[in-house]
Amino acid sequence: MTLIFSTLVCILLTLCCYLLSLKLYLKYKKAWLNPLFIGSLLLVFLLLVFHVNEETYQQASSVFSQLLQLAVVSLAVPLYKQWAFLKRNYKKIIAGVVSGTSMGVIAVVIMSQIFHLQDQLLASLIPRSVTLPIALTISDDLGGIGSTTILSVIISALLSVWMGPRLFKRFGIKSKSAKGLAMGTSAQMIGANTSLVWGEEEGAMGSIAMTTSALLLTLVVPFISFIFS
């Protein structure tokens, strides 16, 4: 009964934090009020207030880990819906996703060399630019730390959503396809949703980029694993 009660409390606490942060975001429409970020901060605060340790919360909220694994299958949906659009624009999609995903991994490797990061931390940061369910799987395969991967994915997405529009404006990037590809590749679901607000073409490109970048990094994981071994 204690385990069941703890599980229910942690699930309700997590859902309440997310719904509250979502309500704040919808009311004020500020990028820094993203529900994924604010909800996480609020949840951490409440866990500290109620003295719930990390191990207890992880055990009780394992249902979310199972849901994340199931969410990987749903990534096939946007590809199916946009299949005709993908075939018409496959050249620019391949160029954008391959270059964006590659630069994301290269940037992490360069940073690890500059700051002398341990292999485990490097493995946790490599999948930071892909959607969270797949990022966790890749991190686990490479021997990374799941919590560090989650934090890096969230921070990467929020920074991309905040800086992306400013960089587009600064460098005069007006291509709808380029904007969607950049946001979907760098900011995952948050970037795809942001692109959808801009327009149908941006949203389609953002959704496709989010999915294909995750698939691309998954395909090269065996080669990365060989380097770590």
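Residues numbered from 1 in each chain as written. Predicted model: local features only at pLDDT ≥ 70, side-chain atom pairs only at ≥ 80, totals over all residues. Heavy atoms only, no water.

1. Digging into the overall build of the protein chain
Thinking step 1. Helices and strands together make up the secondary structure of the protein chain, namely twelve helices and zero strands.
Thinking step 2. Listed N to C, the secondary structure of the protein chain is α-α-α-α-α-α-α-α-α-α-α-α in terms of helices and strands.
Thinking step 3. Taking 17 Å as the expected radius of gyration for a compact globule of 229 residues, we find that the protein chain reaches 18 Å, a close match to that expectation.
Thinking step 4. In terms of its C-alpha atoms, the protein chain occupies a principal-axis envelope of roughly 55 × 50 × 35 Å. (Helix = DSSP H or I, 4+ residues; strand = E, 2+ residues; numbered from the N terminus. Rg over C-alpha atoms; globule rule 2.2 N^0.38 Å.)

2. Digging into unusual backbone geometry
Thinking step 1. A positive phi is found at His116, a non-glycine position, where the angle reads about 55 degrees.
Thinking step 2. Structurally, His116 is set in the loop between α7 (90–115) and α8 (119–125).
Thinking step 3. Given the relative accessible area of 69%, His116 is considered exposed. (Buried < 20%, exposed > 50% of the residue type's maximum accessible area, 1.4 Å probe, protein only.)

3. Re the packing of helix α9 (residues 132–142) against helix α10 (residues 146–170)
Thinking step 1. Following both chains from N to C, one finds α9 and α10 inclined at 140 degrees, their axes separated by 9 Å at the closest point. The way α9 lies across α10 gives a crossing that is right-handed. Taken together, the residues of α10 that come into contact with α9 (itself represented by Leu132, Ala135, Leu136 and Ser139) are Gly146, Thr149, Ile150 and Val153.
Thinking step 2. Residue composition of the contact of α9 with α10, by class: five nonpolar, three polar and no charged. (Axes fitted to C-alpha atoms, helices over the stretch in contact; angles between N-to-C directions. Left-handed = near helix turned anticlockwise from the far one by under 90°. Contact = heavy atoms within 4.5 Å. Nonpolar A, V, L, I, M, F, W, Y, C, P; charged D, E, K, R; others polar.)

4. Some points on the side chain of Thr149
Thinking step 1. Relative to the helices and strands, Thr149 is located in helix α10.
Thinking step 2. The class for Thr149 is buried, based on a relative accessible area of 0%.
Thinking step 3. Setting aside residues up to four positions removed in sequence, Thr149 forms contacts with Ser124, Pro127, Ala135, Leu136 and Ser139.

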